[in-house]
Amino acid sequence: MYDLVIIGGGPAGLTAGIYAQRSRLKTILLEKGVVGGQIALSDIIENYPGFSSISGAGLMEKFEEHARGLGLEIRLDEVINITVEGKEKVIRTSEGELRAKALIVATGAKPRRLGVPGEKELTGKGVSYCATCDGPFFRQRTVMVVGGGDTAVKEAVYLSKLASKVYIVHRRDRFRAEKMHQEKAEATPNIEFLASNILKEIKAENGVVSKAVIENLKNPAVKEVAVDGVFIFVGINPTTDFVDAEKDTGGFIKTNPRMETSIPGVFAAGDCRTSPLLQVATAVGDGAIAAYMAEQYIENY
Ligand code: NAP
């Protein structure tokens, strides 16, 4: 029986692990993929205090090193579901079952699919959701980025260093991305903004992406653009299916400011919970609060 099980090894989960170890809670962190989470795929992070510029993987290595240095037990294992027996949380994983007094869900989120023809069939054949993973395949080629948020604009700038040409297709003429990201993209000569446009279809030649069909919403017209790759960054879906806590319409777990969910003793932190801002800095804050509140819960168990 653990005091605390943390699910997810991104910034929120690792921070919760650091705080839990310092509180001497018997804790285990479960991660189904790679420790570090989505942010480890980010080329560069320039808004995490203390690091004016660091790669996502580099920052997450530091988090992991810190957590392991304090003795945090980290296991690569996938959670299937969670049930509550009395006050005990029962966590069924692909390798068995764990029991804990308290639980922190820090499972983050995954990229959302756009749902246009060609997208599914051509994923891995020119359609991608990760610039750092697949960008190098498009050296000196033409790519299209879809979306107007931080991910789209930031990743377009990254891709512009590899590709010869980057189009940014966004459905509105205003971008929700941070102004600094926008300014960088605007100042990049091989980035072309195609605002008020939507991607309608992705076409292939010889089994790989060859064209993107876009529609201009302001001056209604459909045209084909020759591209070698399409990167889709149209938001994220939280990884929360396995937990029955109350969620918002997007599937993000609802919490109060103490990171408490609708299930007593189950806390949520980071990108998987409803929050006005999804950043490493906010995930770290969430993780610290969740671990502190879990400790209080365990003291009164
Ligand atoms: P996001 O902020 O939700 O932006 C999604 C973008 O995709 C929006 O521009 C949206 O358009 C567009 N979109 C959504 N559905 C669409 C559809 N069906 N067709 C066409 N366009 C569609 O998602 P994100 O950029 O992945 O960011 C997720 C979170 O991570 C955000 O909180 C973000 O701030 C954070 N983040 C921060 C950084 C950073 O460096 N600070 C970097 C990456 C991510 P509309 O604008 O018209 O809704």
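These numbers come from a predicted model, not from an experiment.

Conventions adopted
Residues numbered from 1 in each chain as written. Predicted model: local features only at pLDDT ≥ 70, side-chain atom pairs only at ≥ 80, totals over all residues. Heavy atoms only, no water. Near = heavy atom within 4 Å. Polar contact = N/O pair within 3.5 Å; in protein donor to acceptor, adjacent residues only side chain to side chain. Areas by Shrake-Rupley, 256 points an atom, 1.4 Å probe, with all protein chains shown as cover. Buried < 20%, exposed > 50% of the residue type's maximum accessible area, 1.4 Å probe, protein only. Helix = DSSP H or I, 4+ residues; strand = E, 2+ residues; numbered from the N terminus. Arc of directions from axis to C-beta. Contact = heavy atoms within 4.5 Å. Domains from an automatic or database assignment. Buried area = accessible area lost by both parts, 1.4 Å probe. Salt bridge = Lys/Arg side-chain N within 4 Å of Asp/Glu carboxyl O. Nonpolar A, V, L, I, M, F, W, Y, C, P; charged D, E, K, R; others polar. Pairing = 2+ DSSP bridges. Axes fitted to C-alpha atoms, helices over the stretch in contact; angles between N-to-C directions. Phe/Tyr/Trp six-rings, centres within 6.5 Å; stacked < 30°, edge-to-face > 60°. Lys NZ or Arg CZ within 6 Å of the ring centre and 35° of its normal.

1. Re the site of the ligand
Logical step 1: Neighbouring the ligand are 18 residues, the closest being G148, D150, T151, R172 and R176.
Logical step 2: Here D150 contributes a side-chain N or O atom positioned 2.6 Å from an oxygen atom of the ligand.
Logical step 3: With respect to the ligand, the side chain of R172 contributes an N or O atom lying 2.6 Å from an oxygen atom.
Logical step 4: Coverage of the ligand by the protein amounts to 78% of the 910 Å² it exposes when considered alone.

2. A word on helix 5 (residues 179–186)
Logical step 1: Those residues of helix 5 that sit buried are H181, Q182 and A185. On an axial view of helix 5, the arc spanned by its buried residues comes to 100°, and they lie on one face. Along helix 5, exposed side chains directed more than 90 degrees from the buried face belong to K179, M180 and E183.
Logical step 2: Buried residues in helix 5 make contact with helix 4 (150–160) and strand 11 (191–195).

3. Concerning the environment of R258
Logical step 1: Its place among the elements puts R258 in the loop between strand 16 (236–238) and strand 17 (266–268).
Logical step 2: Given a relative accessible area of 43%, R258 falls into the partly exposed group.
Logical step 3: The spacing of R258 and E246 is 12 residues in sequence and 15 Å in space, taken between C-alpha atoms.
Logical step 4: Those residues within four positions of R258 in sequence are excluded, and the remaining contacts are F267, I289 and M293.
Logical step 5: A distance of 3.1 Å separates the side chain of R258 from the side chain of E260, its partner in a polar contact.

4. Remarks on the domain arrangement of the chain
Logical step 1: Per the domain assignment, the segments of the chain are domain 1 (2–110 + 236–299) and domain 2 (113–232).
Logical step 2: Looking at the side of domain 1 facing domain 2, the largest losses of area belong to L41, D43 and E46, adding up to 65% of the total buried there.
Logical step 3: Remark: the boundary between domain 1 and domain 2 carries 1 salt bridge.
Logical step 4: With a closest N to O distance of 2.8 Å, K184 and E46 form a salt bridge.
Logical step 5: Counting across the interface, domain 1 meets domain 2 through 4 residue pairs in polar contact (both at pLDDT 80 or more).
Logical step 6: Considering only residue class, the side of domain 1 that touches domain 2 consists of 2 nonpolar, 3 polar and 2 charged.

5. Focus on the sheet that holds strand 15 (residues 229–232)
Logical step 1: Read across the open sheet, the 5 strands follow the order 8-15-9-10-11; overall the sheet is parallel. Edge strands, defined here as strands with exactly one partner in the open sheet, are strand 8 (127–128) and strand 11.
Logical step 2: Its contacts with the sheet put helix 4 on strand 9 (142–146), strand 10 (165–170), strand 11 and strand 15, and the angle it makes with strand 9 is roughly 170°.

6. Looking at the packing of aromatic side chains
Logical step 1: Applying the stated criterion across every chain, the model contains 7 aromatic pairs.
Logical step 2: With a centroid separation of 5.5 Å and an interplanar angle of 75°, the aromatic rings of F138 and F231 are classed as edge-to-face. Of this pair, F138 sits in the loop between helix 3 (131–134) and strand 9 while F231 is found in strand 15, placing the two residues 93 residues apart along the sequence.
Logical step 3: Accessibility expressed as a relative area gives 8% for F138, which makes it buried.
Logical step 4: With relative accessibility at 0%, the residue F231 sits in the buried group.
Logical step 5: Pairing F175 with F193 gives two aromatic rings, centres 5.3 Å apart and planes at 85°, and the pair type is edge-to-face. With F175 in the loop between strand 10 and helix 5 and F193 in strand 11, the pair connects residues that are 18 residues apart, well separated along the chain.
Logical step 6: Accessibility expressed as a relative area gives 27% for F193, which makes it partly exposed.
Logical step 7: The rings of Y48, F51 and F63 are connected pair by pair, giving a single aromatic cluster.
Logical step 8: One cation-aromatic arrangement involves K26 over Y2; the distance from NZ or CZ to the ring centre is 4.2 Å.
Logical step 9: The ring of Y301 carries K87 above its face, with NZ or CZ at 4.9 Å from the centroid.

7. What about the environment of A212?
Logical step 1: With respect to the element layout, A212 can be found in strand 13 (residues 208–216).
Logical step 2: Each residue touching A212, except ones within four places of it in the same chain, is listed here: M144, L199, E201, K223, E224, V225 and V227.

8. Side note on the sheet that holds strand 13
Logical step 1: Strand order in the open sheet formed by 3 strands is 12-13-14, with antiparallel pairing between adjacent strands. Looking along the sheet, the strands with just one partner apiece sit at the ends: strand 12 (197–205) and strand 14 (221–226). Neighbour to neighbour, the strand axes of the sheet diverge by 25° on average, direction disregarded.
Logical step 2: Summarising the sheet, strand 12 and strand 13 pair through 8 bridges and their orientation is antiparallel. Paired with E205 across the strands is V208, a residue of strand 13.

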